[in-house]
Amino acid sequence: MLWLVIIFGLTYLALQAWILRGWLCIPEKQIKPSDLPLSVIIAAHNEVENLKKFLPHVLRQNYRDYEVVLVLDRSNDGSKEWLAELNNSRLSSVIISETPEGWAPKKWALTQGIEAAKNEHLVFTDADCQPQENWLSEVAGHFTGNTELVLGIGPYFQYPGLLNAFIQFETAYAAFQYVGLAVNGFPYMGVGRNIAYTRSFFQRNGGFRKFKDKLSGDDDLLVNAFARKENTTVMVSEKSKVFSEPKHTFYTWFRQKLRHISASTDYSSPTKIILGIFHLSHLGFYLFGLLLCMTNLTGWAFFSLYILKMGISGVMFAQVAVKIGMRRIIWAYPVLDFLFFIYNLSAVPIGLIRKPSWI
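Residues numbered from 1 in each chain as written. Predicted model: local features only at pLDDT ≥ 70, side-chain atom pairs only at ≥ 80, totals over all residues. Heavy atoms only, no water.

A. A look at the overall build of the protein. Tallying secondary structure elements over the protein gives 12 helices and nine strands in all. For a compact globule of 359 residues, the expected C-alpha radius of gyration is about 21 Å, and the protein comes in at 21 Å, within 12% of that figure. Across its three principal directions, the C-alpha atoms of the protein cover 70 × 40 × 40 Å. Relative to its full complement of 359 residues, the protein shows a buried share of 55%. Of the contacts formed within the protein by residues at least 6 apart in sequence, a portion of 82% connects residues at least 24 apart. Accessible surface for the protein amounts to roughly 16,400 Å². Of this, 59% is attributable to carbon and sulfur atoms. Within the protein, the 29 negative side-chain charges are centred at a point lying 5 Å from the centre of the 35 positive side-chain charges. (Helix = DSSP H or I, 4+ residues; strand = E, 2+ residues; numbered from the N terminus. Rg over C-alpha atoms; globule rule 2.2 N^0.38 Å. Buried < 20%, exposed > 50% of the residue type's maximum accessible area, 1.4 Å probe, protein only. Contact = heavy atoms within 4.5 Å. Areas by Shrake-Rupley, 256 points an atom, 1.4 Å probe, with all protein chains shown as cover. Lys, Arg positive; Asp, Glu negative; His and termini not counted. Charge placed at Lys NZ, Arg CZ, Asp CG, Glu CD.)

B. Highlighting the pattern of salt bridges. Under the definition given, this model contains seven salt bridges. Between E49 and K52 there is a salt bridge, with its nearest N and O atoms 3.8 Å apart. Taken together, the residues E49 and K52, both in helix α2 (residues 48-59) and three residues apart, mark about one turn of the helix. Looking at E49, the relative accessible area reads 54%, which means it is exposed. Residue K52 is classed as partly exposed on the basis of its relative accessible area of 40%. (Salt bridge = Lys/Arg side-chain N within 4 Å of Asp/Glu carboxyl O.)

Written out as structure tokens, the structure reads:
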């Protein structure tokens, strides 16, 4: 059993090092001024308070040529009345009263927003998100050469408490994977609060029709199905970040994560293999290690391996956490990594089996 612990630990560290290599290979890109016309698309369902708080940050971008298309999806919270009072030449709206049968609401709303947008280059975020003031300049500067798809980082606002610390950790862990793998030639997902692609990319691949009925995956399923190394780039600079409001209760966060996990059942086979090996090696290291400890015979061996693995893995994770501004969670890495083991052991199987529900 000790050999299983060693094999799982080495497998995990090897994959972690390979993914980190992708991060370390991201060039220090000097963004040149661009006048590329952009269309920012936001779909919102009963989020008038978020719109009041965060939409001004989108409308005050330090960028000249862009429009904002706000899609109000079946909203009855005063969003339409509030929108009617705004007077901003950049802002236009699409009002949706119902979702056609067979369509997931978010995917239908985004599709209508794309149809209403005027420009070729489309940028997406959510109603509860706050971009940096030079966000659009960063996005436009990454559309160079053959690039059709830009994957950005979407950290959450930091608050006190263990739940928020774990949300920060899980977000950093996801960014560690999808950014690193994209640079290594395996783009498999992005985050809907900070992603951009061309209209031609969207239309050429049939938009969301391949998975229009899936409640989740308006961001990662599109990337997983059609992104390639040749047409995809990443942006990770401080100026390119879009911050989002996290869940504040375990119940709402857990439901959100189950919905996100459910989309992974439609990932491509290569993605499932890579992520499966990565997460199973993490899971196996802890499972067999705890079994060793329960035998009271070789628990000391696992403890030694655990210290070694935590040290190497923690140093690799810290390099990415620093890059994306999450230094706060580095000190708690051993605790958060163990909680991630519990998360993989409980939430992931439920999310893969349980049919998600949403409004």
